[in-house]
Amino acid sequence: PALFQMLGSQPQMGRGVPCLRCRGLCTGFEPHSWRKICKSCKCSQEEHSLSSELEDDRKIGRLLSDSKYSTLTARLKGGDGGRIYKRNRMIVTNPNISGKDPTFDTITYEWAPPGLAQKLAMQYMELIPKELQPVAGTDGAFHRRRRLTRQLPLYDQDPAQCRGLAEGEQKLMEEFVKKYKAEALGVGEVALPGQGGGGKEEEKPQDRSVEPGRAPESPNGALESAPAAGHYRCETCKQPVPGDCPVVYADRAGYSRQWHPACFVCCRCAEPLVDLIYFWKSGAAWCGRHYCESLRPRCAGCDEIIFSEDYQQVEGLAWHKKHFACLECETLLTGKPFALANASLLCTTCSQSR
C-alpha cells in the first residue's frame, strides 16, 4: 500500500463540522486568534478532530527527526523536504468459513509496533484493552488520534505554531526542543521478556537468579520460547510478567525494566502512551504534554509552554501576561477583579452574566 494510503477511520473533520462534545449545538469550528479553542463553543481543537492522518504523521515525523529515532521517519517527497512518520499499519486477514463459500475478514490496525512478526504483534494487541485497540473505523482508532493530539501538541515542538512567544524566545524554545530530543524522547520497543534491545541485560548478575538466553526463533520469525516466568516484573503494576507474553521496553530506562502493554502509561495522567512515544525523567515515563509541563509552566490561556520569566500565576495555574484575559470578552485582567472557573478567567461582568 502507498505510504499515504488513507485507511477507513473516523471521518476527517475540519472547519464547519459540529463539535463532538456539543452534540450539534456548535455549528462548526471557528478558530480563536490565539486560544486553542473554538470561538463558537469554547471547546478544544481536539473535540473537533481537526487533524488529518497525514498531518498527524508529519507531526510525529518532525518530532522524531533529528533524534536517534529518525529511522522511524522517511523524507517526504516534494514539498518542504520534511520527514514523515513511517507509521506501521497491520492488516490481518482471517478466513470466514461459516458460509457455503469461504470468505475472508480483513481487520486493519491503524498502528502496530514496528519490526515484529505478526503473531507477536497480535499478542501485543490482545493485551491492550479492546476499546483502545486502534482498529480502523472503531472508537479505539479514534481515541488513538485524540491521545496523539493531547499528548504531543504540535506547538510543543514547532515554534512556528506558537502564538505566545515574545521576541527572542524562539531561540529558547528551539534549545528546549533540541534538549528533550537528545535527553528524554523515546519510543518503546516490544519484545518477549529478556529480549529487549536484542537480548541486552543491564542488571548485575545477582539481580537475576537465572540468566536468560536468546530465545530461538521459529521459521516465520515469531519468538517461540522465553525465560521461565517469575523473573520479570512490570515496572508499573509490579506483577510478574509471563515469559511468553510480549512486554514494552524503554531504552532510556535500561533493558532491565519492562512493562505490560496496558501498563506503559504516563506517570502523571495514567493515559496509555500513544504509539509508545515517551519522555523519560526521574525514573519514569511521561507523555509529551506532561513532560514539558514538568520543566516549564504552560499557559492556561493559549496552552503553550511559557518561556518568559515574567508571567501571571493564580492558584497553581500560569498565563502569559498578554493572555491573562477574560474568556468571554477578552478584557485583560491584570490588576482587575476576576473569577476563576474550570481554569478559565472571567471578568466580574461576564461572571455575573453566566
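Remember, it's a predicted structure, so these values are computed and weren't measured experimentally. (Residues numbered from 1 in each chain as written. Predicted model: local features only at pLDDT ≥ 70, side-chain atom pairs only at ≥ 80, totals over all residues. Heavy atoms only, no water.)

Novice: Please clarify how the overall build of the chain should be interpreted in this entry.
Specialist: Each helix and strand counted, the chain has six helices and 13 strands in total. For the chain, with 354 residues in total, the buried portion stands at 46%. Taking the contacts inside the chain whose residues are at least 6 apart along the sequence as the reference set, 50% of them involve residues at least 24 apart. Carbon and sulfur atoms make up 50% of the accessible area of the chain, which amounts to about 18000 Å² in all. (Helix = DSSP H or I, 4+ residues; strand = E, 2+ residues; numbered from the N terminus. Buried < 20%, exposed > 50% of the residue type's maximum accessible area, 1.4 Å probe, protein only. Contact = heavy atoms within 4.5 Å. Areas by Shrake-Rupley, 256 points an atom, 1.4 Å probe, with all protein chains shown as cover.)

Novice: In this structure, what is going on with the packing of helix α1 (residues 53-64) against helix α3 (residues 139-151)? I would like to understand it.
Specialist: Each pair of packed helices can be summarised by the angle the axes make with each other and by the distance between the axes. Taken N-terminus to C-terminus, the directions of α1 and α3 make an angle of 45 degrees; their axes are 11 Å apart at the nearest point. Between α1 and α3, the interaxial angle falls into the category oblique. With respect to the hand of their crossing, α1 and α3 are arranged in left-handed fashion. Residue-level contacts link Glu53, Asp56, Lys59 and Ile60 of α1 to Arg145, Leu148 and Thr149 of α3. Of the residues belonging to the contact of α1 with α3, the class tally is two nonpolar, one polar and four charged. (Axes fitted to C-alpha atoms, helices over the stretch in contact; angles between N-to-C directions. Parallel < 35°, antiparallel > 145°, perpendicular 65-115°, else oblique. Left-handed = near helix turned anticlockwise from the far one by under 90°. Nonpolar A, V, L, I, M, F, W, Y, C, P; charged D, E, K, R; others polar.)

Novice: Could you clarify how one ought to interpret the pattern of salt bridges in this entry?
Specialist: Oppositely charged side chains may form a pair once their charged atoms are brought near each other. A complete count under the given rule lists 13 salt bridges for this structure. Note that glutamate 53 is salt-bridged to arginine 87, the shortest N-O span being 4.0 Å. Of the two residues, glutamate 53 is situated in helix α1 and arginine 87 in the loop between β2 (83-85) and β3 (90-96); the sequence distance between them amounts to 34 residues. Here the two residues glutamate 53 and arginine 87 agree in accessibility, since each one is buried. Notably, a salt bridge pairs aspartate 251 with lysine 68, separated by 3.2 Å at the nearest N-O pair. Taken together, the residues span a long stretch of sequence, with aspartate 251 in the loop between β7 (247-249) and β8 (277-281) and lysine 68 in the loop between α1 and β1 (73-75) at a distance of 183 residues. (Salt bridge = Lys/Arg side-chain N within 4 Å of Asp/Glu carboxyl O.)

Novice: Just checking my understanding: could you explain the side chain of lysine 59 for this structure?
Specialist: For lysine 59, the location among the structural elements is in helix α1. For the buried residue lysine 59, which engages in no salt bridge, the nearest side chain bearing the opposite charge is aspartate 56, 4.9 Å off. In this view, lysine 59 contacts Leu148, Thr149, Leu152, Leu154 and Gln157; residues no more than four positions away in its chain are not counted. (Lys, Arg positive; Asp, Glu negative; His and termini not counted.)

Novice: Help me out: how do you make sense of the nonpolar core in this one?
Specialist: A general feature of soluble globular proteins is that nonpolar side chains tend to end up buried together. Core analysis: the largest hydrophobic core is formed by 58 residues, its most contacted members being Phe264 and Phe279. Ignoring anything within four residues of it in the chain, the contact list for phenylalanine 264 reads Gly188, Val248, Ala250, Trp259, Pro272, Leu273, Leu276, Tyr278 and Ala285. If you look at the next biggest cluster of nonpolar residues, it comprises 15 residues, including Cys299, Ile306, Val314 and Leu346. (Core = buried A, V, L, I, M, F, W, Y, C linked by side-chain atoms within 4.5 Å.)

Novice: Can you walk me through helix α2 (residues 118-126) in this structure?
Specialist: Side chains that are three or four residues apart share a direction in an α-helix, a result of its 3.6 residues per turn. Taken as a whole, α2 has its buried residues at Leu120, Ala121, Met122, Tyr124 and Met125. Residues of α2 that are buried sit in contact with β3, β4 (103-109), β6 (189-191) and β7.

Novice: What am I meant to see in the sheet that holds strand β9 (residues 284-286) here?
Specialist: By definition, the strands of a sheet pair up through backbone hydrogen bonds, in either a parallel or an antiparallel sense. Spatially, β5-β8-β9 is the arrangement adopted by the three strands of the open sheet, whose pairing is antiparallel. Whereas interior strands pair on both sides, the edge strands pair on one side only; in this sheet they are β5 (185-187) and β9. Taken over all neighbouring pairs, the strand axes of this sheet differ in orientation by 45 degrees on average, direction set aside. Here three bridges tie β8 to β9, and the two strands are oriented antiparallel to one another. Opposite phenylalanine 279, over in β9, you have tryptophan 286 as the bridge partner. The strands touched by helix α5 (residues 288-295) are β8 and β9; relative to β8, the strand with the most contacts, the crossing angle is about 25 degrees. (Pairing = 2+ DSSP bridges.)

Novice: Can you walk me through α5 in this structure?
Specialist: Where α5 is concerned, the buried positions are Gly288, Arg289, His290, Tyr291 and Cys292. Where α5 is buried, its residues contact α3, α4 (169-183), β8 and β9.

Novice: Looking at this structure, I do not really get unusual backbone geometry. What am I missing?
Specialist: Leaving glycine out, the prevailing phi sign among residues is negative, and the prevailing peptide bond configuration is trans. Of note, aspartate 303 is a non-glycine position whose phi angle comes to about 70 degrees, a positive value. Counting through the fold element by element, aspartate 303 comes out in the loop between α5 and β10 (311-314). Of note in this structure, glutamate 330 is not a glycine but carries a positive phi near 70 degrees. Structurally, glutamate 330 can be placed in the loop between β11 (317-320) and β12 (338-341).

Novice: Looking at this structure, I do not really get the environment of leucine 132. What am I missing?
Specialist: Mapped onto the elements of the fold, leucine 132 is located in the loop between α2 and α3. Here leucine 132 falls in the partly exposed class, since its relative accessible area comes to 22%. Sequence separation between leucine 132 and arginine 144 is twelve residues; the distance between their C-alpha atoms is 7.3 Å.

Novice: What is the right way to look at the confidence of the model for the chain in this model?
Specialist: Counting all residues, the mean pLDDT for the chain is 83, and 79% of those residues have values of 70 or more. Scored below 50 in pLDDT, residues 1-15 makes 37 contacts in the model with residues more than four places away or belonging to other chains. When the criterion is pLDDT under 50, residues 202-229 qualifies, and its contacts beyond four places in sequence or with other chains add up to 46 contacts. (pLDDT = per-residue confidence, 0-100.)

Novice: Any chance you could explain the environment of aspartate 56 here in plain terms?
Specialist: With respect to the helices, strands and loops of the structure, aspartate 56 is situated in helix α1. If near-sequence neighbours (up to four positions away) are discounted, aspartate 56 is found in contact with Ser51, Arg145 and Leu148.

Novice: Sorry, what's going on with the pairing of strand β13 (residues 344-347) here?
Specialist: Remember that side chains alternate between the two faces of the sheet whenever the strand is regular. Where β12 meets β13, four bridges bridge the pair, whose relative direction is antiparallel. The residue of β13 that forms the bridge with phenylalanine 338 is cysteine 347. From the end of β12 to the start of β13, which pair antiparallel, there are two residues, and asparagine 342 there has a positive phi angle of about 50 degrees.

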